[in-house]
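Tertiary structure, described
Chain residues, written in single-letter form:
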Amino acid sequence: MEFFIKALDFDLWDIIEEGFVEGPKKKRNMSSKDMGKAKLNSKAMHTFLFGLNDDVSKNVSSCKSAKEMWEKLEKLYKKKEGRTRGIF
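These notes cover the structure that comes with them. What you are looking at is a predicted structure, and each value in this text was computed from that prediction instead of being measured.

What follows deals with the overall build of the chain. Helices and strands together make up the secondary structure of the chain, namely five helices and zero strands. When the helices and strands of the chain are read in sequence order from the N terminus, they spell out α-α-α-α-α. Out of the 88 residues in the chain, the part that is buried amounts to 33%. In the structure as shown, the chain presents an accessible area of about 6300 Å², 50% of it carried by carbon and sulfur atoms.

Below, the structure is given as structure tokens:
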């Protein structure tokens, strides 16, 4: 999954690993750095949601960040398969 995400946008994986804490809700109040991170987070979340089947996406659709989604997916697949590598 890491290679797939990096192939789309190399910075996406960083936002998944490091996380993103949403700041001001309005774009005009965001710094350009935070705006960039918000865009990456949204892109990563979109990638996850549209790359998963409906049953799995239901489990992560309420997450607020790509990092939260990834952590939930890891737990979900560890429970199902006992491992996380090669699950996607």
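Alright, that's what it looks like, and here's the rest.
A contiguous patch of negative charge, built from Asp-11, Asp-14, Glu-17 and Glu-18, is present on the exposed surface. Looking at where Glu-18 falls in the secondary structure, it is placed in helix α2 (residues 10–18).

By the definition in use, this model includes two aromatic pairs. Relative to Trp-70, the ring of Trp-13 has its centre 5.3 Å away and its plane inclined at 75 degrees; by these criteria the two rings are edge-to-face. Here Trp-13, found in helix α2, pairs with Trp-70, found in helix α5 (residues 66–81); they are 57 residues apart in sequence, far enough to count as distant. The two residues Trp-13 and Trp-70 agree in class, both being buried. Seen in terms of ring centroids, Phe-48 and Trp-70 are 5.9 Å apart; in terms of plane orientation they differ by 15 degrees. Their pairing is stacked.

Reading the values: rules and limits
- Residues numbered from 1 in each chain as written.
- Predicted model: local features only at pLDDT ≥ 70, side-chain atom pairs only at ≥ 80, totals over all residues.
- Heavy atoms only, no water.
- Helix = DSSP H or I, 4+ residues; strand = E, 2+ residues; numbered from the N terminus.
- Buried < 20%, exposed > 50% of the residue type's maximum accessible area, 1.4 Å probe, protein only.
- Areas by Shrake-Rupley, 256 points an atom, 1.4 Å probe, with all protein chains shown as cover.
- Patch = residues over 30% accessible without salt bridge, like charges linked within 9 Å, V, L, I, M, F, W, Y side chains within 5 Å.
- Salt bridge = Lys/Arg side-chain N within 4 Å of Asp/Glu carboxyl O.
- Lys, Arg positive; Asp, Glu negative; His and termini not counted.
- Charge placed at Lys NZ, Arg CZ, Asp CG, Glu CD.
- Phe/Tyr/Trp six-rings, centres within 6.5 Å; stacked < 30°, edge-to-face > 60°.

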